[in-house]
Amino acid sequence: MDYIKKTKRIVDKYNNDKEAVLDILQDVQEEFGYVPKESVAYIASACSVNLSRLFGILTFYSQFYLSPRGKNILKVCCGTACHVKGAERNLAKAEEVLNIKDGQTSADRMYTLEKIACMGACGLAPVVTINKDVYGHVTPERIDKIIKNKGYRE
Amino acid sequence: MNKEKIKVFIGMATCGRAAGAQAVLDAAKYEIAQKQLAIEIIETGCIGMCSKEVLLDVVLPGKSRVTYGNVTPQDVPVIFSEHIEKGLPVKKLIVGQLPVDSKINYEQIACYGSLPFMAKQKRQIIKRCGEINPEKIDDYLAFAGYKALSKVLKMSPEAIIKEIEDSQLRGRGGGGFLTGLKWSICASAQSEIKYMICNADEGDPGAFMDRSLLESDPHSVIEGIIIGCFAIGAAEGYIYIRSEYPLAVERLKIAIKQAEERGFLGKNILGSGFNCNLKIKKGSGAFVCGEETALMASIEGRRGMPRPRPPFPAEVGLWGKPTNINNVETFANVPLIILEGGKTYAQTGTLKSKGTKIFALTGKVNNTGMIEVPMGITIREIVFDIGQGIADNKKFKAVQIGGPSGGCLGHTNLDTPIDYDSLTQAGAIMGSGGCVVMDEDTCMVDIARYFMDFIQNESCGKCVPCRIGSKRMLEILTRICQGDGREKDLVLLEELANNVKALSLCGLGKTSANPILSTLRYFKDEYIAHIKEKRCPAKACKKLIQYRVVALNCKTCSLCVKVCSSNAIEGGAKGVAAFILDGKCVSCGACFEKCPHNAIVVTDANDFLRDKETQL
Ligand SMILES: Cc1cc2nc3c(=O)[nH]c(=O)nc-3n(C[C@H](O)[C@H](O)[C@H](O)COP(=O)(O)O)c2cc1C
Ligand code: FES
């Protein structure tokens, strides 16, 4: 199985170290874009930690996902600086254009929409990111263009 | 002939990239390739002028550095052909010049020091930001980099700590604990193994100083950490950084590797026999992990939940060993203190707050950006001198300092000096340095609700007052914003806030009520307007406002009809004035902003109803 093989490679890198489970889970998240059930089970037995502890960690930190996410991740910043400059309207527009709500993934798995609290470019608020691209001074009209024009569909 | 190359600097930190720095960089590279010019491009970090991004600087050999602002890819060919080829700076894009050896080369261009944004700053910690290439250790070395480290390796740990104590440096991560005292407690702990942690979690939404520092000048932070390790006797350090900052992580990795290669990190540092290793740990998206005990739990691979103190980390810390934890900016102060001496450092500032503080100035001011100011400067100077006042000719209402643990200060506090104790007294806190300016369009009840929403989401759930208290406070604030507030709500809110403050386990809960208490203190009238009159004075709470068209002003251009995503506007074309359907309108305000003829106005929802009744 692909999941297991790749997960094993990651776990091996950390020498099955129980104390490195957070790093292992982060790497698994990075590898697959989410943390598959199969990987969790494998890590539990390979590092001898309880499944319950792993799920405890996975559900505590907001950056772990237990189901697959979209190919493109659209993050709308709603941090204080962005909030003051009307970020909620950007979020509403993104929800409308993509027809999904905050935290959801579109049916074709092209987009995942996420509301985040500050990504550190507050001087250019309101801010939106798609994958690794950062956009400043975003208006609802521009969000529409960003989503549609940027060739994020390939 | 001067053999020095022409240099072009482009700010490539996260904020620069957000403004489109990559396209400007590509345009510059294209220009160089096309014209086969011998020009060196230097990708720098952030100089702090966010509102002027993308920034591009040109240095002709032996001449001042000229900074261009708001540069687009289309401007690049002009700058190249005029300035670089003919030596004539392009006036309309110029921000200022930075003279070399105080020689002013260009007559009519303002010098950096005289720009309003710069004049009241004291840039001693961020002085290299935007000047050097953060990915090249030699750039840092050229600016006295790692000199402080070589100096301390010949000193005794006690002498180093004495120097820090003399500087009276207080932690920049929020609490403001004396750094020298913290180090001396940890240094005197008896243990073979000790740890040093750098807190780069920076969870406060609206703050980005630590990110900027790490992206623009990572070596200064690393040097501070190594000095700290030497002083307390730790051979291992961790930098805990939030994963929302990929570029900062990348640059830290590069910097650590370079420091190892040059012998500033690793075994037998600079031949002193002192060993020290640094590791990066990435967070996984939990605000509470910025709290020191939660942070250590997270490094240990557990859920990031705080625990009661004492025992303090200096006694029982990471993996049970004595641990010292400081903020990024605190560490960045250390090399400077060592180089100029603690006593000299302490000459800047107020009686109990020494040195400078870096702020992220954001929100509705004209000049947003990262600024470094001497302690004791007033809020007025920050907002109106450095920030150049409120954008769009609006009126100043408040400034939020300290993030979710801080508070909103209004007009009456404009002359409050920035120092730990004055800010606490005023109901805010120094915090990590977020400084969000708000104008008349910002509703203070909504801001309190916004922060409580944040806290309620981020509460780890371990202690009841914070978990349940934040939820209840959020419910009350939400109903006030929706016009369902009750007369007794304010009393209830204040009582809850004080209880949560007194009973919570960690700083998250203890300070969570500050946004409410400070807005209640300075902006109570807004709460009362929401509750008694069902009216939002700032016209921001959607349930309490109504948009409508002033038919006389409508030019039937139909822009509003096109921009409305709820199909709530009829008419607006062919000479028929637009008309907003109340049933469909969701009060998003898009038409209001789009209308070029001021034909759309926003009114209180209850006025609207009253008007309608009288019309009938
Ligand atoms: C909820 C909460 C969040 C915090 N977040 C941060 C943070 O993001 N960065 C930081 O440096 N300190 C943060 N702190 C403060 C740390 O617990 C700690 O006091 C600080 O890192 C000590 O460093 P200093 O003495 O250099 O300020 C936070 C505290 C609390 C209670
Ligand atoms: S608040 Fe949006 S980037 Fe900081």
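Calculation criteria
Residues numbered from 1 in each chain as written. Chains lettered and ligands numbered in written order. Predicted model: local features only at pLDDT ≥ 70, side-chain atom pairs only at ≥ 80, totals over all residues. Heavy atoms only, no water. Pairing = 2+ DSSP bridges. Helix = DSSP H or I, 4+ residues; strand = E, 2+ residues; numbered from the N terminus. Axes fitted to C-alpha atoms, helices over the stretch in contact; angles between N-to-C directions. Domains from an automatic or database assignment. Contact = heavy atoms within 4.5 Å.

Topic: the sheet that holds strand β8 (residues 277-282) of chain B
Residues and elements named next belong to chain B.
Piece 1. Overall, parallel pairing links the four strands, which are arranged β8-β7-β6-β9 in an open sheet. Looking at which strands have only one partner, the edges of the open sheet turn out to be β8 and β9 (323-327). If you compare each strand with its neighbour and ignore which way they point, the axes differ by 20 degrees on average.
Piece 2. Across five bridges, the pairing between strand β6 (residues 195-200) and β9 is parallel. Opposite Asn-199, over in β9, you have Asn-327 as the bridge partner.

Some remarks on the domain arrangement of chain A
Piece 1. For chain A, the assigned domains read domain 1 (3-60) and domain 2 (72-149).
Piece 2. Taken over C-alpha atoms, the centre of domain 1 of chain A sits 30 Å from the centre of domain 2 of chain A.

A look at the domain arrangement of chain B
How big an interface is tends to be expressed through the accessible area that disappears when the partners come together.
Piece 1. For chain B, the assigned domains read domain 1 (6-116), domain 2 (137-345), domain 3 (356-439), domain 4 (444-532) and domain 5 (542-615).
Piece 2. Spacing between the C-alpha centres of domain 1 of chain B and domain 4 of chain B amounts to 47 Å.

A look at the side chain of Asp23(A)
Piece 1. As for its placement among the helices and strands, Asp23(A) is situated in helix α2 (residues 21-32).
Piece 2. Once residues within four sequence positions are removed from consideration, Asp23(A) is found in contact with Tyr14(A) and Lys281(B).

Observations regarding the sheet that holds strand β14 (residues 434-439) of chain B
Residue and element names in this part refer to chain B.
Piece 1. Read from one edge of the open sheet, five strands run β11-β10-β14-β12-β13, paired in mixed fashion. Pairing within the sheet leaves two strands with one partner each, and these edge strands are β11 (369-374) and β13 (407-409). Averaged over all neighbouring strand pairs, the angle between strand axes comes to 30 degrees, with direction disregarded.
Piece 2. Bridging between strand β12 (residues 396-401) and β14 involves five bridges; their strand directions are antiparallel. Each residue of the ladder has a partner; that of Ile-401, found in β14, is Cys-435.
Piece 3. Running over the sheet, helix α17 (residues 444-458) touches β12, β13 and β14 and is turned about 15 degrees from β12.

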